[in-house]
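# Descriptive structure summary
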Amino acid sequence: MARFTPHTEEDIREMLDTVGVETLDDLFADVPTKFEGALDLPPALSEHEALTDVHKAAAENRSGMPLFIGAGAYDRIVPSAVGSMMQRGEYLTAYTPYQPEVSQGGLQVIFEFQSMISELTGLEVSNASVYDGATAVAEAALMTARLAKRDAKVAVSAGLNPRYRQVIETYRVETVELPFENGATDFSAVPDDVSGVFVQSPNYLGVVEDIEAASGAAHENGALAVAVCDPTALAVLEAPGALGADIAVGEAQPLGMPLLFGGPYAGYMATTGKNVRQLPGRICGETVDEDGRLAYVLTLRAREQDIRRAKANSNICTNQALTALAATVYTALMGPEGLREVAELSVSKAHYLADRLQEKGVSLRYPEAPYLFEFAVELEDVDKTNAALLENGIVGGLDTGDGAMLIAVTEKRTKEELDKFAEVVANA
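Described below are features of the structure shown in this document.

Conventions adopted
- Residues numbered from 1 in each chain as written.
- Predicted model: local features only at pLDDT ≥ 70, side-chain atom pairs only at ≥ 80, totals over all residues.
- Heavy atoms only, no water.
- Helix = DSSP H or I, 4+ residues; strand = E, 2+ residues; numbered from the N terminus.
- Contact = heavy atoms within 4.5 Å.
- Areas by Shrake-Rupley, 256 points an atom, 1.4 Å probe, with all protein chains shown as cover.
- Lys, Arg positive; Asp, Glu negative; His and termini not counted.
- Charge placed at Lys NZ, Arg CZ, Asp CG, Glu CD.
- Pairing = 2+ DSSP bridges.
- Axes fitted to C-alpha atoms, helices over the stretch in contact; angles between N-to-C directions.
- Parallel < 35°, antiparallel > 145°, perpendicular 65-115°, else oblique.
- Left-handed = near helix turned anticlockwise from the far one by under 90°.
- Nonpolar A, V, L, I, M, F, W, Y, C, P; charged D, E, K, R; others polar.
- Patch = residues over 30% accessible without salt bridge, like charges linked within 9 Å, V, L, I, M, F, W, Y side chains within 5 Å.
- Salt bridge = Lys/Arg side-chain N within 4 Å of Asp/Glu carboxyl O.
- Buried < 20%, exposed > 50% of the residue type's maximum accessible area, 1.4 Å probe, protein only.

Turning our eyes to something else, we now look at the overall build of the chain. Of the regular secondary structure elements, the chain holds 10 helices and 14 strands. Taken over the C-alpha atoms alone, the chain extends approximately 80 × 65 × 50 Å along its principal axes. Put simply, 66% of the contacts in the chain that link residues at least 6 apart link residues at least 24 apart. Of the roughly 21900 Å² that the chain leaves accessible, carbon and sulfur atoms contribute 52%. Charged side chains in the chain number 33 positive and 64 negative. The centres of these two groups are separated by 1 Å.

Right, here's the structure in full:
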């Protein structure tokens, strides 16, 4: 018997009759069995020759340079123990372990991930992660519509990562633009028909936003407040749950994941207990077995695999088990004090670099706005400046496209790197 049989022989026969063919092979009768043209390919290589070519090409890459680009993904120190744990056979899966009788270790890791996210966000429940930060934000937008019982329409500002906003819009969620001045969002004029109000803090340009004001504005209009937060920043900022946010989401990459050329990462989602059944994805719970021993099980799975597709909270969400493991191991190694130290070092170094740049005549875009470890500076030619930095062995900041460079500073940067960055930017 096949392990997974979605269609019976009768189902297949009925479908073939409907399209008017006798067998499954008849469906592909128009596809030639052999390609008869000519492909423009180089001569075949042996394995050794192919690897030699790959190594030569890889040697042209430049790596190991200090990075000052962030905008959602950050070059942080990752302890070697994180990688060692991820490569252990009992954990090496990208997918959720379902069976409690064989997956107690994996399920406990997920439970610990959820507990860690709940503690950081100040919200009662967290799911077992989703694809990435952008997906988490989009799922939160749909969640607000279900909870508010309104059309999916959310209020956002230019402070929200533009990539996140693009993903929201691919979910056919309508977005309403809120005023954005001096680096922060004005929440005084939230429309009364939106299902959610989004506030990213620190926002895309590094400025710490007023989550409490966003929460108040949302609730006054019968909507839900969604806080988009960097988990490292939550080690030194007030938790969004304590500021009235109904949902907190974000990118877990800063918690022990290298940049990895853009992924895979893991998104986190947390909310209050009363909203738990609208939380997409899976939730792992703690219980006891029939002998009274501590045990872990998947407790809620409100997705298409378990209920009718039309009734599922989400049809794409899934748990990023391996990367969530990285976040769990990293956070356990750091502990509350270590995570706070990472954040404080990053803040201290970012402000040192900002001061050095201002001493050399470079202006901050929002000099009066509070920021942590990311800030924007005004530059006449960002491309030229980044080219000069690259020539000096430094990867510069993000070109915002409107005459500014967004600079991220993590605990990884040294004083020598910060001084050199300031010197090159000033002379570019």
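As a further point, take the sheet that holds strand β9 (residues 267-271). With respect to topology, 7 strands assemble into an open sheet ordered β1-β9-β8-β7-β6-β2-β3, the strand pairing being mixed. Strand pairing shows two members of the sheet lacking a second neighbour, β1 (125-126) and β3 (174-177), which therefore form its edges. Helix-sheet contacts for helix α7 (residues 211-220) involve β6 (196-200) and β7 (224-228), and the interaxial angle to β7 is about 155 degrees.

Further remarks concern the packing of helix α4 (residues 104-121) against helix α8 (residues 321-359). Two elements in contact, α4 and α8, have axes separated by 9 Å at closest approach and are oriented at 45 degrees. In terms of orientation, α4 and α8 fall into the oblique class. The handedness of the crossing between α4 and α8 is left-handed. Where α4 abuts α8, its residues V109, E112, F113, M116 and L120 lie against A324, L325, A327, T328, T331 and L339. Along the lines of polarity and charge, the residues of the contact of α4 with α8 split into 8 nonpolar, 2 polar and 1 charged.

Turning our attention to a negative patch on the surface. Among the surface-exposed residues, E9, E10, D11 and E14 lie close enough to one another that they form a single negatively charged patch. Relative to the helices and strands, D11 resides in helix α1 (residues 9-19). Residue D11 is classed as partly exposed on the basis of its relative accessible area, which comes to 31%.

With respect to the helices, strands and loops of the structure, S195 is situated in the loop between β5 (184-185) and β6. For the pair S195 and A152, spaced 43 residues apart in sequence, the C-alpha separation works out to 6.2 Å. When near neighbours in sequence (up to four residues on either side) are disregarded, S195 contacts A141, T144, A145, A148, R150, D151, A152, K153, V154, A223 and L224.

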